[in-house]
Protein chains: 2
Amino acid sequence: MVKIKDIAERCGLSIASVSKALHGESDLNPETAKRIREIAAEMGYIPNASARLLKTKRSYNIGVLFVDETSSGLEHEYFSAILNSIKDEAEKHGYDITFISHHFGHDHLSFYEHAKYRNMDGVIIASVDFRDPEVVQLVDSEIPTVTIDYEFNDVASVVSDNVQGVKDIVNYLAEMGHKRIAFITGDDTSVTQKRVASFYKTCAENAIEVNDEYVKKGRYHIPKISGEATRELLSLKERPTVIMYPDDYSLLGGITEIEKHGLRIPEDISIVGYDGIKLSRLLRPIITTYVQNSTEKGITATKKLISLIENPKITLADRTLVSGRLQQGETVRSLK
Amino acid sequence: MVKIKDIAERCGLSIASVSKALHGESDLNPETAKRIREIAAEMGYIPNASARLLKTKRSYNIGVLFVDETSSGLEHEYFSAILNSIKDEAEKHGYDITFISHHFGHDHLSFYEHAKYRNMDGVIIASVDFRDPEVVQLVDSEIPTVTIDYEFNDVASVVSDNVQGVKDIVNYLAEMGHKRIAFITGDDTSVTQKRVASFYKTCAENAIEVNDEYVKKGRYHIPKISGEATRELLSLKERPTVIMYPDDYSLLGGITEIEKHGLRIPEDISIVGYDGIKLSRLLRPIITTYVQNSTEKGITATKKLISLIENPKITLADRTLVSGRLQQGETVRSLK
DNA sequence: CTGAAAGCGCTAACAT
DNA sequence: ATGTTAGCGCTTTCAG
């Protein structure tokens, strides 16, 4: 392995000069610097990140916390899209990304300890149980942090405009003449709370009375749960005319259940998803859903984090709202 | 930040003793060692991976190369499942995973240089253009490497048993009475070549004559391409009775096209996918497909790599075949 | 059983 | 314009 010292010897110069030349800076003779760089390239020099880090305290490594209860977070397109955009954006800025986990090396490390252990410059947290004490420890630490789809006090976050999303959906449904609107919610998080609040508010604005039986607790990304909730809704004496699902993926469980009952979509019952995964456009009928701009969320979170790392003084740990748009598919029937 | 030196001072011992105690080894007085460990814990000591690495040359970090031409590799469930299982398995063994990329820090680094720069102990390569010179440079290097779904000479690999997969499918189709079998292939890779060879071979074994017009070049994971190939197949004077797709995801493009023609599945035409993504079980009709055990592939590749890293002498850089199973869905009609 | 000391590869004052 | 030097935090011989 070629190191700075080798280059220095080969050039007949000091290691300091080589280091300077390699950074293209300082008061080195441009000629000398050029020569050094050429020789370094010729010798196949590759810098050693650890040695550099040990001195500079900057790893150019971003940690990503991406665990979920079902331990299948990565398998959902929505999170994959975010991860992919984080990766791309980080690379553009010269950062690598490493997953944070409970490290099982010698001792068990907490998320925070793991991040410190690897000297991560910052951390992006998504798709995780945000009430986990370890997560709280991490966001409360001195490590720059950005959360996605969850807000902590004084922690930078990038969240979907859930209020707007549900508002757009309900307004659209009202416009289409729906009065009996059911809503299967997701896990009890602040995201869900915002959506539910927006649901009630927008219904009220449209003079739609909400039947409490129509609001069912569900889970995100679990088709089976949505299927069960759908069954209950279909068995009500007065059926809803439309069902809103927590997300497109779990909506698939609803479709299965609806078809089991011999009902057609949207002729017999309308459905609406959330997220706008690719699949929602590939299926027939095309799903009516609120398209989340997950790529933009990943990019925004990454930019924010890097700014927090590189310009801590002038970067606010605030919240960034990312809005989506209603995809008018073919799963909502007009009742007018 | 607490370091070994701090602990040593607090204990009134040397840093050497502390280091030894922290590793639970060597000839240290058990009492002393215990006391040191307690104090270290109390002081909130977290080891520094870089400093350790600088000395030991072991990073406990595995690089994952996961780029594809469409730069959306992570968005496909199949690859996500592999990534997830790699991550889980690596964590179990105390390794972290970091994505390898073209690093855009100061200079542009090749994949190999990037891996060296970060001192990665080993690398898993998947979902990438394996003919890329940079990939070749990486597998040819001294860094332990495992490839997934591709084989290089003398490089450990974990690949699906593609021959068996296509064989199982064709045998099943023959059993169901199909004679006019179309096959939309994927990109021209060794995987595809194996599948195609197996296709011809198994057809021959079943005394099925292959109409060359029935074999169409397609692409993996691109619904649009499969849709176009489907259109061509449907316009033949003698239509196939069944179409085999490169993968489940791109099969969706075929479904769309078939429905556009007003044909029903499987009454008018049968279809078969490949991969067995979750979706294949959620859609109705349930898709007949060959389920790849992607989780097992990720786990196997990771175990192999760690073995290669930790026991280079006794680990063979061989090929591991991972087989799947036929999922008899509802998209193949019996013609008997 | 414990400690001293060298050094991993690099950066960044501070000299010259 | 170039060189000297002192570490960064840790491991690991080799002494004591």
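Whatever comes next refers back to the structure up there.
The structure reproduced in this document is the subject of the present report. (Residues numbered from 1 in each chain as written. Chains lettered and ligands numbered in written order. Predicted model: local features only at pLDDT ≥ 70, side-chain atom pairs only at ≥ 80, totals over all residues. Heavy atoms only, no water.)

## Focus: the nonpolar core
Then, number 1: Counting 48 residues, the largest nonpolar core has Phe66 of chain A together with Phe66 of chain B as the members making the most contacts within it.
Then, number 2: Of all hydrophobic cores here, the second largest spans 46 residues; its members include Ala182, Leu282 and Ile287 of chain A together with Ala182 of chain B. (Core = buried A, V, L, I, M, F, W, Y, C linked by side-chain atoms within 4.5 Å. Buried < 20%, exposed > 50% of the residue type's maximum accessible area, 1.4 Å probe, protein only.)

## So, the protein's contact with DNA strand C
Then, number 1: Inspection of the region around DNA strand C gives 25 residues, with Lys3, Ile4 and Tyr45 of chain A together with Lys20 and Lys55 of chain B positioned closest.
Then, number 2: Take Tyr45 of chain A: an N or O atom from its side chain is 2.5 Å from a phosphate oxygen of DNA strand C.
Then, number 3: At the level of elements, α2 (15–22) and α4 (49–56) of chain A together with α2 (15–22) and α4 (49–56) of chain B are the ones that each hand at least two residues to the surface near DNA strand C.
Then, number 4: At four residues, α4 of chain A tops the list of elements feeding residues into the surface near DNA strand C.
Then, number 5: Each residue belonging to the surface near DNA strand C can be placed in one class, and the counts come to ten nonpolar, eight polar and seven charged. (Near = heavy atom within 4 Å. Polar contact = N/O pair within 3.5 Å; in protein donor to acceptor, adjacent residues only side chain to side chain. Helix = DSSP H or I, 4+ residues; strand = E, 2+ residues; numbered from the N terminus. Nonpolar A, V, L, I, M, F, W, Y, C, P; charged D, E, K, R; others polar.)

## What about the environment of Leu54 of chain A?
Then, number 1: Along the polypeptide, Leu54 of chain A turns up in helix α4.
Then, number 2: On the accessibility criterion, Leu54 of chain A (32% relative accessible area) is partly exposed.
Then, number 3: The residues touching Leu54 of chain A, leaving out its near neighbours within four places in the chain, are Asn48, Ala51 and Leu54 of chain B. (Contact = heavy atoms within 4.5 Å.)

## Focus: the protein's contact with DNA strand D
Then, number 1: The full set close to DNA strand D counts 26 residues, and Lys20 and Lys55 of chain A together with Lys3, Ile4 and Tyr45 of chain B are the nearest of them.
Then, number 2: Among all atoms of DNA strand D positioned within 4 Å of the protein, those belonging to sugar or phosphate total 65%.
Then, number 3: Contacts to DNA strand D include Lys57 of chain A, whose side-chain N or O atom sits 2.9 Å from a sugar or linking oxygen.
Then, number 4: Tyr45 of chain B has a polar side-chain atom sitting 2.5 Å from a phosphate oxygen of DNA strand D.
Then, number 5: Looking at the surface near DNA strand D, the elements that each hand over two or more residues are α2 and α4 of chain A together with α2 and α4 of chain B.
Then, number 6: When residues in the surface near DNA strand D are grouped by element, the largest group, four residues, is from α4 of chain B.

## Some details on the packing of helix α1 (residues 4–11) of chain B against α2 of chain B
Residues and elements named next belong to chain B.
Then, number 1: In the contact formed by α1 and α2, the axes pass within 8 Å of each other and the chain directions differ by 110°. Classified by the interaxial angle, the pair formed by α1 and α2 is roughly perpendicular. Across the interface between the two elements, Ile4, Lys5, Ile7 and Ala8 from α1 touch Ile15, Val18, Ser19 and Leu22 from α2.
Then, number 2: Considering only residue class, the contact of α1 with α2 consists of six nonpolar, one polar and one charged. (Axes fitted to C-alpha atoms, helices over the stretch in contact; angles between N-to-C directions. Parallel < 35°, antiparallel > 145°, perpendicular 65-115°, else oblique.)

## A short note on the side chain of Glu134 of chain B
Then, number 1: Tracing the sequence through the fold places Glu134 of chain B in helix α7 (residues 133–139).
Then, number 2: Buried and unpaired, Glu134 of chain B has no salt bridge, with Lys87 of chain A as the nearest side chain of opposite charge at 12 Å.
Then, number 3: Looking at Glu134 of chain B, its side chain comes within polar contact range of the side chain of His102 of chain B, at 3.3 Å.
Then, number 4: Here Glu134 of chain B is in contact with His102, His108, Ser110 and Phe111 of chain B, once residues within four sequence places are set aside. (Lys, Arg positive; Asp, Glu negative; His and termini not counted. Salt bridge = Lys/Arg side-chain N within 4 Å of Asp/Glu carboxyl O.)

## Some details on the packing of α4 of chain A against α4 of chain B
Then, number 1: Look at α4 of chain A against α4 of chain B: their axes get within 9 Å of each other, and the N-to-C directions meet at 135°. Accordingly, the angle class assigned to the pair α4 of chain A and α4 of chain B is oblique. When you trace α4 of chain A past α4 of chain B, the crossing you get is left-handed. Here Ser50, Ala51, Leu53 and Leu54 of chain A of α4 of chain A lie close against α4 of chain B, whose contacting residues are Ser50, Ala51, Leu53 and Leu54 of chain B.
Then, number 2: Tallied by class, the residues present in the contact of α4 of chain A with α4 of chain B amount to six nonpolar, two polar and no charged. (Left-handed = near helix turned anticlockwise from the far one by under 90°.)

## Focus on the relation of the copies chain B and chain A
Then, number 1: At an RMSD of 0.1 Å, chain B and chain A line up after a rotation of 180° and a shift of 0.0 Å along the axis. Here the transformation between the copies is reduced to the relation of a two-fold axis. In terms of proximity to the rotation axis, the leading residue of chain B is Thr98 of chain B, whose C-alpha is 2.2 Å off the axis.
Then, number 2: In this assembly, 100% of the residues forming the interface of chain B have copies in chain A that are likewise at the interface, indicating an isologous arrangement. (Least-squares fit on C-alpha atoms with pLDDT ≥ 70 in both.)

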